[in-house]
Amino acid sequence: MTTTVSTPALSIGPIALDSPVVLAPMAGITNTAFRRLCREYGAGLYVSEMITSRALVERTPETMRLISHHPSESLRSVQLYGVDPKTVEAAVGILVDEDRADHIDLNFGCPVPKVTRRGGGSALPWKRDLFGAIVRRAARRAGDIPVTVKMRIGIDESHVTYLDAGRIAEDAGVAAVALHGRTAAQHYSGKADWTAIAKLKEAVTSIPVLGNGDIWQAEDALRMVDETGVDGVVVGRGCLGRPWLFGDLAAAFAGSDTRFRPGLGQVADAFRRHAELLVEFFGEEDRACRDIRKHVAWYFKGYPVGGDARRELAAVESLAHMDELLGRLDRDIPYVAEGIEGQRGRAGSPRTPALPDGWLDSPELTPAQREALIEDESDTRGG
Ligand SMILES: Cc1cc2nc3c(=O)[nH]c(=O)nc-3n(C[C@H](O)[C@H](O)[C@H](O)COP(=O)(O)O)c2cc1C
């Protein structure tokens, strides 16, 4: 008898993944309900939405709910945001000491003004000393739990940080780095620059490098790996309203051509399942129904569902109401690639990042900036 030992497609520290695929953290989206739905289709690592370190240290009820996982989530992955090394370290301590996560990702990519204005998210790697302190302390405090870094190319074309940040993170002991191929100034506009991802892969040699940006179809993921040499991919907007993309990605990386091509009936079922899982997550049907409304346009994009039906679904009030509305759809309408495939979710236009005063004057923190790093981030949400 021959025993075959399968090689993981991607290892992040001790975590061995069968498919080199990571669900990108998305605020307001990648809660346990959406992660469970995606996992029902595919394999990979499914990251929480961003959690504010300060709020975790303060154990706000909302944050404790956001870091909760369903028992079926065998790999618990939490993304932390923070600007103060001590607070990030303390938040990591809670996750590790209380056995609340198997993987911790650090957010250095968020371009939202209320985050960058405080020097956080995509503004932070510009300050090499602060960035180094956060990743070193987080990685050390996490011990055997792998810590990864997710970042952008830089603040803008003139303030590029990803190569320095990649090397600093590697030296600090992180388990992998992921690059979204845009600057903060680009927000979600234009096309992600995959050549930067290839350059990071050349520069960071001892840990996996993951590529992120504009993977809409499984074929895009294969192409990214082919063009950049990355060890894995991080997929965000492409799976909005299409949790089965993770099935396609697992198939594609296993060398199969099998793809999910759901007709309208299957889409309606997935939408209903998502809502049910949200009811479990929120513990309230009303809140779940309000939340699922933002997913309507994504699920039904490209399917011939009329304006009235869309409007009614986007105002759904209960699961019974949802069943009535979904019952009116023609379940036999087939998948038509055109309209369904391609870009979805946020796009927007470039904008000048909001930054703390004098942030760009020096790549090191000034004493005044160090003083000002008292976190005031309890209402921060990612992006
Ligand atoms: C609605 C939304 C929320 C997001 N929230 C986060 C977040 O909490 N943390 C983070 O690191 N990135 C966040 N992002 C960025 C994504 O993780 C990802 O880097 C970006 O969307 C590019 O990948 P994509 O082209 O596959 O969407 C968010 C993106 C979107 C669209």
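Here the structure is a predicted model, which is why all the values come from computation and not from measurement.

Participant: Got a minute to help me understand the site of the ligand in this structure?
Facilitator: As a structural note, the neighbourhood of the ligand is formed by 19 residues, with Pro25, Gln79, Asn212, Asp214 and Arg237 the closest of them. Measuring from an oxygen atom of the ligand, one finds a backbone N or O atom of Pro25 at 2.8 Å. The separation between an oxygen atom of the ligand and a polar side-chain atom of Asn212 is 2.6 Å. Burial of the ligand by the protein chains amounts to 97% of its free accessible area of 600 Å². Here the residues of the shell around the ligand are counted per class, giving seven nonpolar, eight polar and four charged.

Participant: Would you mind going over the packing of aromatic side chains with me for this structure?
Facilitator: Any two aromatic rings considered together are summarised by their centre-to-centre distance and by the angle between their planes. Under the criterion given, the structure shown has seven aromatic pairs. Seen from their ring centres, Phe108 and Phe131 are 4.7 Å apart, and the 70° between their planes marks the pair as edge-to-face. Of this pair, Phe108 sits in strand β6 (residues 103–108) while Phe131 sits in helix α6 (residues 128–142), and the two are 23 residues apart along the sequence. Like Phe131, Phe108 is buried. Where Phe271 meets Phe300, the ring centres are 5.4 Å apart and the plane angle is 65°; that geometry is what we call edge-to-face. Linking Phe271 in helix α11 (residues 264–282) with Phe300 in helix α13 (residues 296–300), this pair joins segments that are 29 residues apart in sequence. Under the relative-accessibility criterion, Phe271 is labelled buried at 0%. The rings of Tyr41, Trp244 and Phe260 are connected pair by pair, giving a single aromatic cluster. It is Arg65 that lies over the ring of Phe281; its NZ or CZ is 4.6 Å from the centre.

Participant: Can you help me understand the environment of Leu56 in this one?
Facilitator: Structurally, Leu56 is set in helix α2 (residues 53–57). Once the C-alpha coordinates of Leu56 and Ala91 are considered, the two residues, 35 residues apart in sequence, prove to be 6.0 Å apart. Those residues within four positions of Leu56 in sequence are excluded, and the remaining contacts are Ile51, Thr63, Met64, Ile67, Leu80, Ala91, Ile94 and Leu95.

Participant: I tried to follow the nonpolar core on my own but got confused; where do I start?
Facilitator: Across soluble globular proteins, nonpolar side chains show a tendency to be buried alongside one another. One finds Leu80, Leu106 and Phe300 to be the most contacted residues of the largest nonpolar core, which totals 107 residues. Looking at which element gives the most residues to this core, the answer is α11, with 11 residues. For this core, the domains that each give at least three residues are domain 1 (15–257) and domain 2 (264–340). Discounting chain neighbours no more than four positions away, the residues touching Leu106 are Gln79, Leu80, Val88, Ile134, Val135, Ala138, Val147, Thr148, Val149 and Lys150. Counting residues in each nonpolar core, the second largest holds 13 residues, with Leu17, Val47, Ala178 and Leu210 among its members.

Participant: Whenever I open this one, the environment of Ser256 confuses me. Can you help?
Facilitator: With respect to the helices, strands and loops of the structure, Ser256 is situated in the loop between α10 (245–253) and α11. Counting along the chain gives 70 residues from Ser256 to Leu326, while the straight-line C-alpha distance between them is 32 Å. Within polar-contact distance, the side chain of Ser256 engages the backbone nitrogen of Thr258 at 2.9 Å.

Participant: Is there a simple way to explain the pattern of salt bridges in this structure?
Facilitator: One side chain can pair with another of opposite charge once the charged atoms of both are near each other. The final tally for this structure, using the stated rule, is 30 salt bridges. Across the salt bridge formed by Glu89 and Arg137, the nearest N and O atoms sit 2.7 Å from each other. Here the residue Glu89 occupies a position in helix α4 (residues 85–97), and Arg137 occupies one in helix α6, the gap between them amounting to 48 residues. Under the relative-accessibility criterion, Arg137 is labelled partly exposed at 28%. A salt bridge links Glu276 to Arg273; its shortest N-O distance comes to 3.5 Å. With Glu276 and Arg273 both in helix α11, this residue pair falls three residues apart, about one helical turn. Overall, Glu276 belongs to the partly exposed group, its relative accessible area being 31%. A residue is classified by how much of its surface remains accessible, and Arg273, at 27% relative accessible area, is partly exposed. Overlapping salt bridges bring together Glu40, Arg272, Arg273, Glu276 and Asp323 as one network.

Calculation rules
- The residue count restarts for each chain, going from 1 along the sequence in the order it is written.
- In view of the model being predicted, local features appear only for residues whose pLDDT reaches at least 70, and side-chain atom pairs are presented and counted only at 80 or more, with totals across whole chains, interfaces and linings using the full set of residues.
- The basis for every side-chain value is the complete set of non-hydrogen atoms in the structure, without hydrogens or water.
- By convention in these notes, a residue is near a molecule or strand provided one of its non-hydrogen atoms lies within 4 Å of it.
- Polar contact is the term for a pair of N or O atoms within 3.5 Å; when the atoms are in protein, one must be able to donate a hydrogen and the other to accept it, and sequence-neighboring residues count only if both atoms are side-chain atoms.
- Residue exposure ignores everything except the shown protein chains as possible cover, and the areas themselves are Shrake-Rupley values with a 1.4 Å probe.
- Residues are grouped as follows: Ala, Val, Leu, Ile, Met, Phe, Trp, Tyr, Cys and Pro are nonpolar; Asp, Glu, Lys and Arg are charged; all remaining types, including Gly, are polar.
- When the centres of two rings from Phe, Tyr and Trp lie within 6.5 Å, Trp using its six-membered ring, the rings pair. Their planes under 30 degrees apart give stacked, over 60 give edge-to-face, and anything left gives tilted.
- The helix and strand labels rest on DSSP assignments: H or I over at least four residues marks a helix, E over at least two residues marks a strand, and numbering proceeds from the N terminus.
- Any residue under 20% of the maximum accessible area for its type is buried, any over 50% is exposed, and the rest in between are partly exposed; the area is computed with a 1.4 Å probe on protein chains only.
- To sit over a ring, a charge needs its Lys NZ or Arg CZ within 6 Å of the ring centre and within 35 degrees of the ring normal.
- Between two residues, a contact is recorded if the distance between any of their heavy atoms is within 4.5 Å.
- Here the nonpolar core consists of buried residues drawn from Ala, Val, Leu, Ile, Met, Phe, Trp, Tyr and Cys, with membership extended through side-chain atoms lying within 4.5 Å.
- Domain segmentation is taken from an automatic or database assignment of domains.
- Any carboxyl oxygen of Asp or Glu within 4 Å of a side-chain nitrogen of Lys or Arg constitutes a salt bridge here.

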